[in-house]
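Architecture at a glance
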Amino acid sequence: MSIFRSRLRALTRPPAPRRWVYVPYDQLGVFGLLATPPESLGIVMVETPEKAARRPYHAQKLAFVLASGRHFALEMALRGVAVDHRVAPAPREGEGSPLVATLRAAARDHGPLEVMRPAERELREELAPLFADGTLCERPHAGWLTTREDFAAACPRAPFRMDAFYRHARLRRGVLLEADGTPTGGRWSFDAENRRTWRPDLAHPPAPIPPCYAVDDVTEEVGALIRARYAAHPGTLDLSALPVTAAQAEAHWGWALDQALPWFGPFEDAMHSASSGLFHTRIAHLLNVHRVLPARVLADALGREAIPLASREGFVRQVLGWREFVHHVHEATDGFRTTPGYAGAQRGDPLPPAYWGAPSGLSCLDHVVAQVLREGWTHHIPRLMVLANIGTLLGVSPRALTDWFWAAFVDAYDWVVEPNVLAMGTFGVGEVMTTKPYIAGSAYIHRMSDHCKGCAFQPGRTCPITPMYWAWLQEHADALARNPRVAGPVAAARKRGDGDARIARRVRSLLAAGQRVTPEALIGEGGG
Ligand SMILES: Cc1cc2nc3c(=O)[nH]c(=O)nc-3n(C[C@H](O)[C@H](O)[C@H](O)COP(=O)(O)OP(=O)(O)OC[C@H]3O[C@@H](n4cnc5c(N)ncnc54)[C@H](O)[C@@H]3O)c2cc1C
Ligand code: SF4
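The written sequence of each chain sets the order in which its residues are numbered from 1. Whichever chain is written first becomes A and whichever ligand is written first becomes 1, with later ones labelled in order. At least 70 in pLDDT is required for a residue's local features to be given in this predicted model, at least 80 for side-chain atom pairs to be given and counted, and no such filter applies to totals for whole chains, interfaces and linings, which use all residues. With hydrogens and water excluded, all non-hydrogen atoms of the structure serve as input to the side-chain values.

It is worth spelling out the environment of Ile390 at this point. Going along the chain from the N terminus, every DSSP run of H or I of four or more residues is numbered as a helix, and every run of E of two or more is numbered as a strand. Topologically, Ile390 is positioned in helix H14 (residues 380-393). Only protein chains enter the accessibility calculation, which uses a 1.4 Å probe. A residue is then buried if its area is under 20% of the maximum for its type, exposed if over 50%, and partly exposed in between. By relative accessible area, Ile390 is classed as buried at 0%. Along the primary structure Ile390 and Tyr469 are separated by 79 residues, whereas in three dimensions their C-alpha atoms are 8.9 Å apart. Contacts were defined at the residue level, with two residues in contact if any of their heavy atoms lie within 4.5 Å. Apart from the residues lying within four places of it in its own chain, the contact partners of Ile390 are Tyr355, Leu362, Cys364, Leu365 and Ile465.

Right, let's get into helix H15 (residues 398-408). With 9 of 11 residues buried, H15 is to be regarded as a mostly interior element. For H15, every residue scored as buried is listed here: Pro398, Arg399, Leu401, Thr402, Trp404, Phe405, Trp406, Ala407 and Ala408. Considering only its buried residues, H15 is in contact with helix H3 (59-79), helix H5 (121-132), helix H13 (363-375), H14 and helix H16 (414-425).

Another aspect to go through is the pairing of strand S4 (residues 113-116). Side chains of S4 alternate between two faces, with Leu113 and Val115 and Glu114 and Met116 buried alike. Paired strands are those between which DSSP finds at least two bridges. Two elements, S4 and strand S5 (residues 136-139), share 4 bridges in a ladder whose sense is parallel. Across the sheet, residue Met116 finds its bridge partner in S5, namely Arg139. We call a crossover right-handed when, viewed with the strands running away from us, the connection from the first strand over the helix to the second turns clockwise. Traced from S4 through H5 to S5, the parallel crossover comes out right-handed.

Helix-helix packing is characterised by the crossing angle of the two axes and by the distance between the axes. To obtain an axis, a line is fitted to C-alpha atoms, over the contacting stretch when the element is a helix, and the angle between two such axes runs from 0 to 180 degrees between their N-to-C directions. Their axes nearest at 8 Å, the elements helix H12 (residues 309-332) and H16 cross at an angle of 90 degrees. When the axis of H12 is compared with that of H16, the two are roughly perpendicular. Every residue of H16 that contacts H12 at Trp322, Arg323, Val326, His327 and His330 is listed here: Asp414, Trp415, Val416, Glu418, Pro419, Asn420 and Met424. All amino acids are sorted into three groups, where Ala, Val, Leu, Ile, Met, Phe, Trp, Tyr, Cys and Pro are nonpolar, Asp, Glu, Lys and Arg are charged, and the leftover types, Gly among them, are polar. Among the residues forming the contact of H12 with H16, the class breakdown is 6 nonpolar, 3 polar and 3 charged. Roughly parallel here means an angle under 35 degrees, roughly antiparallel means over 145, roughly perpendicular means 65 to 115, and every remaining angle is called oblique.

Right, let's talk about the site of ligand 1 for a bit. Around ligand 1 sit 28 residues, and of these His280, Thr281, Arg282, Ile283 and Asn420 come closest. Between ligand 1 and Ile283, the relevant distance is 2.8 Å, taken from an oxygen atom to a main-chain nitrogen or oxygen of the residue. Take Arg383: an N or O atom from its side chain is 3.4 Å from a nitrogen atom of ligand 1. Within the complex, the protein chains bury 99% of what would otherwise be the 810 Å² of accessible surface of ligand 1. Looking at the shell around ligand 1, the elements with two or more residues in it are helix H10 (284-288), H12, H14 and H16. The near set for a molecule or strand comprises every residue that places at least one heavy atom within 4 Å of it. Definition of a polar contact: a pair of N or O atoms within 3.5 Å, with one able to donate and the other able to accept a hydrogen when the atoms are protein atoms, and with sequence-neighbouring residues admitted only if both atoms are side-chain atoms. Here the accessible surface of atoms and residues is derived via Shrake-Rupley with a 1.4 Å probe, and residues count as covered only by protein chains that are part of the display.

This part takes up the site of ligand 2. In the vicinity of ligand 2, the contacting residues are Leu362, Ser363, Cys364, Ser442, Ile445, His451, Cys452, Cys455, Phe457, Pro459, Cys463 and Ile465. Only H13 and helix H17 (442-448) provide two or more residues apiece to the shell around ligand 2. Taken together, the residues of the shell around ligand 2 sort by class into 9 nonpolar, 3 polar and no charged.

Moving on, we come to the pattern of salt bridges. For side chains of opposite charge, pairing can occur when their charged atoms come near one another. The salt bridge definition used is simple: a Lys or Arg side-chain nitrogen within 4 Å of an Asp or Glu carboxyl oxygen. Tallying each qualifying case throughout the model produces 41 salt bridges. One salt bridge in this structure joins Glu122 and Lys51, with 3.2 Å as the shortest N-O distance. Taken together, the positions of Glu122 in helix H5 and Lys51 in helix H2 (residues 49-52) put the pair 71 residues apart, joining distant regions of the chain. A relative accessible area of 19% means that Glu122 is categorised as buried. Accessibility expressed as a relative area gives 12% for Lys51, which makes it buried. Here Arg170 ties to Glu313 by a salt bridge, and the two come within 3.9 Å at their closest N and O atoms. Remark: Glu313 occurs in helix H12 and Arg170 occurs in helix H7 (residues 162-173); sequence separation between them is 143 residues.

The biggest cluster of nonpolar side chains holds 164 residues, and the ones touching the most others in it are Tyr22, Ile43, Leu103, Phe325 and Leu387. Of all the elements, H3 adds the most residues to this core, at 12 residues. When sequence neighbours within four positions are dropped, the list of residues in contact with Leu103 reads Tyr22, Val44, Val46, Leu113, Leu127, Leu130, Thr135 and Leu136. By nonpolar core we mean a set of buried residues, namely Ala, Val, Leu, Ile, Met, Phe, Trp, Tyr and Cys, connected to one another through side-chain atoms within 4.5 Å. With 5 residues, the next largest nonpolar core counts Trp198, Phe267, Ala270 and Leu278 among its residues.

Let us look at the side chain of Arg312. Note that Arg312 resides in helix H12. We count Lys and Arg on the positive side and Asp and Glu on the negative side, and we leave His and both chain ends out. Here Arg312 occupies a buried position and makes no salt bridge, while the nearest side chain of opposite charge, Glu305, is found at 5.2 Å.

Another aspect to go through is helix H11 (residues 294-303). What H11 keeps buried is the set Pro294, Val297, Leu298 and Ala301. When H11 is viewed along its axis, its buried side chains cluster within an angular range of 100 degrees and face the same direction. The inward-facing, buried residues of H11 contact H7, helix H9 (246-260), H10 and H12. For this quantity, the arc is that covered by the directions from the helix axis to the C-beta atoms.

Rendered as C-alpha cells:
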C-alpha cells in the first residue's frame, strides 16, 4: 500500500452521519461547504488518471495538483473529517466518464453528494449527468470575491470592460475607498506609474528569490508516480519548488507578502533574465486551487499599509479586478462559445515546435519558453507580450495557443486561461473583453527586458518582430478599421509596402518547419 494510503487509513473516521461533499481538484481549502464542522463532514476526493493524461500537462502541474490534493486529504482527516479518497479506473470503450462512475459509486455508499459549483467548464460538463439525476447537488462556490449580480450590474452586456467591473467591486466591498466614496490616492488605478524597467545594475531593489520547500514522503511518492506514469509529459519536475502542504502554502504567501508585494507595482511590467519572476507573487496556482483563499490575500495585502499604495492597488486590481472579471466573462459567455467569432478562433496555423522548446532564434521567445518548460510559470508580461504576442503575429490559431497555455502552465484552468489567451492575448474573439489587440513590435520587448542583448537580431533594425507587427495590422486592417484605439497604427501599416508580409511569411515557414530564424535567412525579404 502506498505511503499516502496507509497514512490516510490510519486517520480513518467513522463515516456516518455526516454531510458528504465532493471536493474537485481545485477546491482544496477550508471554505464554504468545506468549513462544515469536521465531526459532521465527509469528503469524497477522486484522482482521475485519464484527466491527467487528457492534455500534455507540464510535470509540475500534475505534481502540484496531485500532491496538494493528497496533502489536503490528510490535513482534513487530521481535523476529524471523514475522507473517502478514490482513484478512478482507466476509461473503457463505451463506459463513459471514469470520474462519473466513481462518484456514482461513492454516492451509493454515502447518499447524494454536494459540491460547490466547479470553476472549470470542462468539469461541469463532465458532471452534468450527475447534476441531472440528483447524485450531485450544486451549491454556490464560496471562494469568489464577487457575485454574478456584481458582474451584471457593472457589465450588463458585451463588450465587458474590466475597469467598470473593478470600480464596482471596490465600491461594493469598500476597498481602498475614502469616507466620501472616492478612491484612496485620488485614482482608481496607478497602472500608469507601474511601468518601470528593472536593472540589477541601477540600484533597483534586489529581486526576491522564491522559496524552496522540503519534500516529504507523500510528495516524493507523487513525484515517483509522475516519473513512472507520465514520463512523456513535458517540463522539468522540481518538487522542491512546489508549496503543496497547508504550511508550505502559508509560508509561500508570507514570502510574497513580505518580499514581493512592496515592489510589486512599479516593476509589474518588467522582465529580466536575472530573475524570472521579479516582484510577482507566484501565488496564482495556490489561489486557483484554494490552498490560499482570495479573500485572505486581499485582506492581508490591504492590511499592510506600509506597502506603497501603487503596489497595494496594483495587486488588488489583479485579484479583485482581473481574476474575478475573467471568471465572470467566462461564465457569461460559456467560455466564449456564445461569442460571435468563437469559430474563427479555431482557425490559424498550428503551434510551431518553438513553443515546446525547439530553438527559434528569437532570443525573447526562446528565453521565455525555456522558463515555462523549467518552471511551468512565467509572469504576466512574458505571457502577454512575448508568448501570446509572437504567437498572434505568427498567425497561430488562438485555440491552439490557448491549449498550449492550458497544458504548459501550473496555474492554468479553462475559466482563466481561455479569457486570458483567446480574448486578451490573441484578440481571437475580438473586443468582447479588451478594447484592442495586445500586439507589439520589438521596441516594447527591448524597453521592458534585457532579452535583446543576447539575440542575433537587433531590435528596431533587423528584428523580424516589428515587420511581423506591421504585417499583422495590414492583414487585419479591414476588421480593425473602426477601432479608434488602433486607427493610427492601422493607417500607418496601410502605407507600408509588402516587405513586412514577406518577412512574416518567411518567419512563419521557418518556425513551422522547426527551423531557427537567422538574420541570414531573412536577407532579401525587405520590410524595415
Ligand atoms: C496569455 C495569458 C495567459 C494567462 N494564463 C493564466 C492562467 O492560466 N492562470 C492564471 O491564473 N492566470 C493566467 N494569466 C494571468 C496572469 O498572467 C497570471 O495570473 C499571473 O502571471 C500569475 O503569476 P503571479 O501569481 O505571480 O501573479 P501576480 O502578478 O503576482 O498577480 C497576483 C494575482 O492576480 C491574479 N491575476 C492577475 N492577472 C490576472 C488575469 N489576467 N487573470 C486572472 N488572474 C489574474 C492571479 O491570481 C495572480 O496570482 C494569464 C495571462 C496572460 C496574458
Ligand atoms: S531583437 Fe527581436 S527577436 Fe531578438 S530578443 Fe529582441 S525582440 Fe526578441
